[in-house]
Amino acid sequence: MSSRIIQTAIRAAADPRRAGKGFEHLPDAARVTDAAQARILAAIFSGSRAMTELLGQHPQWIPSILTPDYLQHARKEQGLRRDIALLSEPGSGDGPDVFGRLRESRQREMFRIAARDLAGLGVTREVMEEISNVADVVLDATLGFCLGPLVARFGQPFHQDSLGRWTESKFCVIGLGKLGGRELNYSSDVDLIFVYSEEGVVFRKRPAARAAAGGGMRAHAFFKRLAESFVAEVGRATADGALYRVDLRLRPEGEAGPLVRSLAGYENYYAQWGQTWERMMLIKARGVAGDPSLAAEFQEMVQPFRYPRSLGEGALHEIAAMKRRIERDVIRPGELKRDIKRGLGGIREIEFVAQTLQLLNAARIPFLQGAQTLPVLQKLAQYQLLTETEAGRLSAAYCFLRTVEHRLQMENNLQTHTLPADVPARRWLAAVTGFPARADFERELKSHTKFVRSTYEKFVATKKRRAASPFPLQLRGEETRWKSILAAHSFRDVDRAWKLLDEFAHGPSYVHTSSRTTELAMALVPRILALCPKQRQRQTTRGTESRAPKLSDPDRVLARLDSFVQAYGARATLVETWTQHPQLFELLLLLFDRSEFLAAMAIRTPDLVDDLVLSGRLRRAKSPDEIYAELELGAKDRDQRLWLRRYHQSEFMRIGLRDILDLSGADQNVTELSALAEACLRYALAAVSREQGFRNPPVAIIGLGKLGGQELNYGSDLDILFVAENATRTKLPRLQKLAVGIMEMLSSPSEFGVAFVTDARLRPDGEKGLLVNTLAAYESYYRVRARLWEIQALTRVRAVAGNAVVGQNFERLAAELSDFRPLAGVRASGTTPAPPLPACAHSEWKKEIVRMRARIEKERTPPGQDALAIKTGAGGLMDAEFLAQTMCLEHGWREPNTLRALERIRDEKLLGRAVAGRLVESYQQFRRVEAILRRWSFEGEVLLPSDEGALYRVSVRCGFETPEAFRRAVAEWRRNLREAYRCVIET
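Small disclaimer: the values here were computed from a predicted structure and weren't measured. (Residues numbered from 1 in each chain as written. Predicted model: local features only at pLDDT ≥ 70, side-chain atom pairs only at ≥ 80, totals over all residues. Heavy atoms only, no water.)

**Q** What is the right way to read the overall build of the protein chain from this model?
**A** Each helix and strand counted, the protein chain has 43 helices and 13 strands in total. Computed over its C-alpha atoms, the radius of gyration of the protein chain comes to 40 Å, more than 25% above the 30 Å expected for a compact globule of 987 residues. Within the protein chain, buried positions represent 56% of all 987 residues. Restricting to contacts in the protein chain with at least 6 residues of sequence separation, those with at least 24 account for 72%. (Helix = DSSP H or I, 4+ residues; strand = E, 2+ residues; numbered from the N terminus. Rg over C-alpha atoms; globule rule 2.2 N^0.38 Å. Buried < 20%, exposed > 50% of the residue type's maximum accessible area, 1.4 Å probe, protein only. Contact = heavy atoms within 4.5 Å.)

Pasting the structure below:
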């Protein structure tokens, strides 16, 4: 080959002087076969001393590697794996020379990649992927070569699956950082963690299905040996250098943590102790060696952790603080602007922008999930989280800075990210990066780093500071101050409250809580105190109703919070969730304060509340048909009773939370509870009918009382009747069994409690009568033997489930029987004669109702407690109910809902306008108070508490700041109800 071609290549090189020396020291320049090869060699000699030295050791690579055809395209990973597989004969992967051949093969591939890069035949992204592919193949081969001797010596680990069968335990290596993102440099460390599938035992032969575990080596010990052997071989220094420098500090607990963990061990760690930086680190996690299915399982396991459903503002502060610590503690003085990786405007800031936006949005937008920076930047622009300009300029800056980083590292095969300070070195760097003039390089560098820094400050380095807290930042060491604060916020037992707060922040004494969990928990404490009434406010406020919700019993709430955290178990995950969703935390506090039985349900099933809140299922009401359709999804469950209760529990909690959040209002709340009961009755009828062989519902289920009026409250019984067609009289014995089955499905106790307590005692002859009877039998009873109160109950009849025709016929019968207009000489509309009234109907019927109401008031109101008897006492809820039912009888109204009946009285001007208006408003207020009382205890509350402390708590739950204001309001409502009652009934 003529020297003229070589001289031409030297003159065109980025550094002609170095290129010339390279050719001079080439063992046999005659082996340069053409101009293209000469240009490639000149680029290598100019750009990398390390590659020049390597070529001097392996001149045979010139004809085999340095040809344009060979370097034109990147090699695929499959080809690399095929070459590695040829390094050893089948079955002899642990041969003594295999690691030497592996090192030589890696050197050859790295030389090929560098040659393509320096010759300008590969773009930056392609170069990074090629380097990463080589690492994947080398690491996987090394693991295989290390595993063989261990299995031959000790055997294979196995673990028992859920059915007790022995299954081979798997092992994999997870790559992190640049390796995980397929973005390796020429001289990168490889960040690794090691995972095995499950704890188990090592066997020399596959164990029989029911073999005992015995006392063999444990799986953890085996895989620890494997990881140690792997790390030693990968990092072993030889004349050809190490394969890779291995960095294991990103594993849980860093250098103090175990070298290997099971999949469950990682899950427990990240749930309990995971930090924000570990979320970011795991974004790039992927399997690089070992079992691919286990690696995929690991990635799926960490998915909710690395892509959380949301992240609070505190995480942004933490990310920015992390970067500031790097700038302060890691970068050497004077190098902040010269470190193109970790310095101002460097590669790390581009990665922080991308990963921060992923943390904030990738759970909601799965397409943003990914380990590689450049594709993620384009996705962020696609979903308008970055502008097209921002994404384009960040991508250009990333490629430029990575190219510069590559040139720095391949020069002497050193892990460096620092730009040289001297001018000649900067001039050389500019030339090998593609800039003829150093000034052009400097302008390009400054432009990129300035834009990267400004973008980083826009998205990550928020300058907003957290508001100074009025409370001590620590609990321990500030006990006296904290107890004073707790006393001022209405805590009665400040000693116990302080201990519960201390455990909330630091965990129980027998466990270790991370500093981050404690910090986040302490940030939640002011949210607790913000809901607590201050003592001065309690003593001086004279207002009526409070605007913001306040806790009625902070001591009890704190105790319930402690029980909830213990039941949940994963304290760190829980605190993270509350930090990200403070509204969820405040809702739980209100739940613990507003409902004892819902709080107990939440503690028993701690995932229930956040699933309901975070899924968005609280935002809308459901009709009976919608609820029934959801119940039908469990129609094939083996245990129908258990399925019904599980669904009922979730739906009951959903309705209760909507009520506590005031998303439904008192009137809507009773409608939703009634819809749930109606759907459950329909489902129980369908399920028991299937079980007992009925093809179609043979009966109608009639609701009375609150169920009939769609006014169910918390803990209300379901008053029901079972009505059959007249033609089914001969099947009545079989239908009794059907009715019993329906009531048991709803009312029999279980681990989830009962769905609804059913009550069929309002049927003819009460408990002595048949559970199911024909329509004709009901009519005969009501016309001949029923008492007036039983006819009064028919004003609140509604068919809720079963045979629709029978249900409609019963409703018509009830309307006829409860139409007392003929007693006043008023004919019903229509030409047909009115049917005869029940035998109990007489001209003095209204006086009898007055006597019934007076007897209830006297017999069910404890002596001396009329002022507390909000249901049975004078002006209590029963005044409004009796009033509504009386007007329905008198005017022939078909209106089972009490509120709508009262509104009809007002709208038809059957009372004075002012009296009727006060009647409706006072009834609504009373019904709201009753719901709040029953929401707390799940019992039929008929009395307000006589104890002043208990009355204060009820007042706060009802929205009043003082018991005095609550008493005044209750007294006024009662006067209004009694006034209307007297106007209608006692006249």
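**Q** Help me understand the pairing of strand E1 (residues 156-160), please; the structure alone is not making it clear to me.
**A** Looking along a regular strand, one sees side chains alternate from face to face of the sheet. In terms of burial, E1 is largely enclosed, as four of its five residues are buried. Pairing geometry for E1 and strand E5 (residues 201-203), over three bridges, is antiparallel. In the sheet register, Gln 156 faces E5, and the bridge partner there is Phe 203. In the sheet, E1 pairs with strand E2 (residues 166-168) via three bridges, with the strands oriented antiparallel. Note on E2: the bridge partner recorded for His 159 is Thr 167. The antiparallel pairing of E1 with E2 creates a hairpin that spans five residues between the two strands, and Gly 164 there sits at a positive phi of about 85°. (Pairing = 2+ DSSP bridges.)

**Q** Help me out: how do you make sense of the packing of helix H4 (residues 49-57) against helix H8 (residues 98-118) in this one?
**A** Following both chains from N to C, one finds H4 and H8 inclined at 130°, their axes separated by 11 Å at the closest point. Between H4 and H8, the angle falls in the class oblique. Remark: the crossing between H4 and H8 carries left-handed chirality. Here Met 51, Leu 54 and Leu 55 of H4 lie close against H8, whose contacting residues are Gln 107, Met 110, Phe 111 and Ala 114. Residues belonging to the contact of H4 with H8 are distributed by class as follows: six nonpolar, one polar and no charged. (Axes fitted to C-alpha atoms, helices over the stretch in contact; angles between N-to-C directions. Parallel < 35°, antiparallel > 145°, perpendicular 65-115°, else oblique. Left-handed = near helix turned anticlockwise from the far one by under 90°. Nonpolar A, V, L, I, M, F, W, Y, C, P; charged D, E, K, R; others polar.)

**Q** Sorry, what's going on with the side chain of Arg 658 here?
**A** Counting through the fold element by element, Arg 658 comes out in helix H31 (residues 640-660). Under the relative-accessibility criterion, Arg 658 is labelled buried at 3%.

**Q** What is the right way to read the packing of aromatic side chains from this model?
**A** Aromatic ring pairs are described here by two measures, namely the spacing of the ring centres and the angle between the planes. Under the defined criterion, the tally for this structure stands at 39 aromatic pairs. Ring geometry for Tyr 778 versus Tyr 782: centroids 6.3 Å apart, planes at 25°, classification stacked. Here the residue Tyr 778 and the residue Tyr 782 both occupy positions in helix H35 (residues 775-784), the gap between them amounting to four residues, near one helical turn. Look at Tyr 782 and you get buried, because its relative accessible area is 2%. Chaining the aromatic ring pairs together yields one cluster made of Phe 171, Phe 194, Tyr 196, Phe 222, Phe 223 and Phe 230. Residue placement shows Arg 106 over the ring face of Tyr 244; its charged tip is 4.3 Å from the ring centre. For the cation-ring pair, Arg 393 lies above Phe 451, with the distance from its terminal atom to the ring centre recorded as 4.2 Å. (Phe/Tyr/Trp six-rings, centres within 6.5 Å; stacked < 30°, edge-to-face > 60°. Lys NZ or Arg CZ within 6 Å of the ring centre and 35° of its normal.)

**Q** Is there a simple way to think about the sheet that holds E1 in this case?
**A** Two strands in a sheet stick together by hydrogen bonds in their backbones, pointing the same way (parallel) or opposite ways (antiparallel). As summarised here, the arrangement of the three strands in space is E2-E1-E5, forming an open sheet in which the pairing is antiparallel. What marks the edges here is a single partner per strand, and that holds for E2 and E5. Averaged over all neighbouring strand pairs, the angle between strand axes comes to 50°, with direction disregarded.

**Q** Is there a simple way to explain H4 in this structure?
**A** Since the α-helix packs 3.6 residues into each turn, any two residues three or four apart lie on the same face. Where H4 is concerned, the buried positions are Ala 50, Met 51, Leu 54 and Leu 55. For H4, the buried positions fall inside an angular range of 135° around the axis, keeping them on one side. If you check the start of H4, you find a side-chain oxygen 3.4 Å away from the backbone N of Ala 50, and it comes from Ser 48. (Arc of directions from axis to C-beta. Polar contact = N/O pair within 3.5 Å; in protein donor to acceptor, adjacent residues only side chain to side chain.)

**Q** Looking at this structure, how should I read the nonpolar core?
**A** Among soluble globular proteins, nonpolar side chains are generally buried collectively. The biggest cluster of nonpolar side chains holds 100 residues, and the ones touching the most others in it are Trp 578, Met 653 and Phe 722. In terms of residue count, helix H32 (residues 665-692) provides more of this core than any other element does, 13 residues in total. In contact with Met 653, other than residues within four places in its own chain, are Leu 591, Leu 598, Met 601, Ala 602, Leu 608, Val 609 and Leu 612. Counting residues in hydrophobic clusters, the runner-up holds 74 residues, among them Ala 9, Phe 23, Ile 65 and Ala 135. (Core = buried A, V, L, I, M, F, W, Y, C linked by side-chain atoms within 4.5 Å.)

**Q** Would you take a moment to explain the environment of Ala 391 for this structure?
**A** Relative to the elements of secondary structure, Ala 391 occurs in helix H18 (residues 388-412). With a relative accessible area of 0%, Ala 391 lands in the buried category. In this structure, Ala 391 is in contact with Leu 377, Gln 378, Ala 381 and Leu 386, ignoring residues within four places of it in sequence.

**Q** Before we go on, may I ask you to explain the side chain of Asp 291 in this structure?
**A** Note on placement: Asp 291 falls in the loop between strand E8 (286-290) and helix H14 (292-306). Comment: no salt bridge for buried Asp 291; closest opposite-charge side chain is Lys 170, at 4.5 Å. A polar contact is formed between the side chain of Asp 291 and the side chain of Ser 293, at a distance of 2.4 Å. Those residues within four positions of Asp 291 in sequence are excluded, and the remaining contacts are Lys 170, Phe 171 and Cys 172. (Lys, Arg positive; Asp, Glu negative; His and termini not counted. Salt bridge = Lys/Arg side-chain N within 4 Å of Asp/Glu carboxyl O.)

**Q** Even after reading the chapter, I still don't get the pattern of salt bridges, so can you show me in this structure?
**A** According to the stated counting rule, one finds 77 salt bridges in the structure shown. When the shortest N-O distance is used, the salt bridge between Arg 785 and Asp 765 registers 2.9 Å. Taken together, the positions of Arg 785 in the loop between H35 and helix H36 (788-793) and Asp 765 in the loop between strand E11 (758-759) and strand E12 (772-774) put the pair 20 residues apart, joining distant regions of the chain. Across the pair Asp 907 and Arg 906 runs a salt bridge, and its minimum N-O distance is 3.0 Å. Judged by relative accessible area, which is 52%, Asp 907 ranks as exposed. Take Arg 906: its relative accessible area is 34%, and that puts it in the partly exposed class.

**Q** Looking at this structure, how should I read the environment of Pro 624?
**A** Of note, Pro 624 is situated in helix H30 (residues 624-631). Residues Pro 624 and Ser 674 lie 50 residues apart in sequence; the distance between their C-alpha atoms is 8.4 Å. Setting aside residues up to four positions removed in sequence, Pro 624 forms contacts with Ala 675, Glu 678, Ala 679 and Arg 682.

**Q** Please clarify how the packing of H35 against helix H37 (residues 804-817) should be interpreted in this entry.
**A** Geometrically, a packed helix pair is captured by the angle between its two axes and the distance between the axes. Here H35 crosses H37 at 10°, and the two axes come no closer than 11 Å. With respect to each other, H35 and H37 are oriented roughly parallel. Judged by residue contacts, Leu 775, Tyr 778, Glu 779, Tyr 782 and Arg 783 of H35 engage Asn 809, Phe 810, Leu 813, Glu 816 and Leu 817 from H37. Across the contact of H35 with H37, the residue classes break down as six nonpolar, one polar and three charged.

**Q** Would you mind going over unusual backbone geometry with me for this structure?
**A** Even without a glycine there, the phi angle at Gln 710 is positive, about 55°. Here Gln 710 is to be found in the loop between helix H33 (705-708) and strand E10 (718-724). For Gln 710, a relative accessible area of 26% puts it in the partly exposed group. The phi dihedral of Lys 909 is positive, around 55°, even though this residue is not glycine. Relative to the assigned elements, Lys 909 resides in the loop between helix H40 (898-907) and helix H41 (913-937).

**Q** Would you mind going over the confidence of the model for the protein chain with me for this structure?
**A** Do not read the fine detail of predicted coordinates wherever pLDDT is low. When pLDDT is averaged across the protein chain, the result is 88; 94% of the residues are at 70 or more. This stretch, residues 90-94, has a pLDDT under 50; its non-local contacts, to residues over four places away or in other chains, come to five contacts. Here residues 537-546 scores under 50 on pLDDT; set against residues more than four positions off or in separate chains, the count is 21 contacts. (pLDDT = per-residue confidence, 0-100.)

**Q** How do you make sense of the state of the cysteines when you look at a structure like this?
**A** Simply put, the disulfide is a covalent bond whose two ends are the sulfur atoms of two cysteines. Under the criterion given, the structure shown has zero disulfides. Considering cysteine sulfurs only, Cys 840 is the nearest to Cys 888, which forms no disulfide, with 16 Å between them. Free of any disulfide, Cys 983 has its nearest neighbouring cysteine sulfur in Cys 888, separated by 18 Å. Of the residues examined, Cys 983 reaches a relative accessible area of 36% and is grouped as partly exposed. (Disulfide = S-S within 2.5 Å.)

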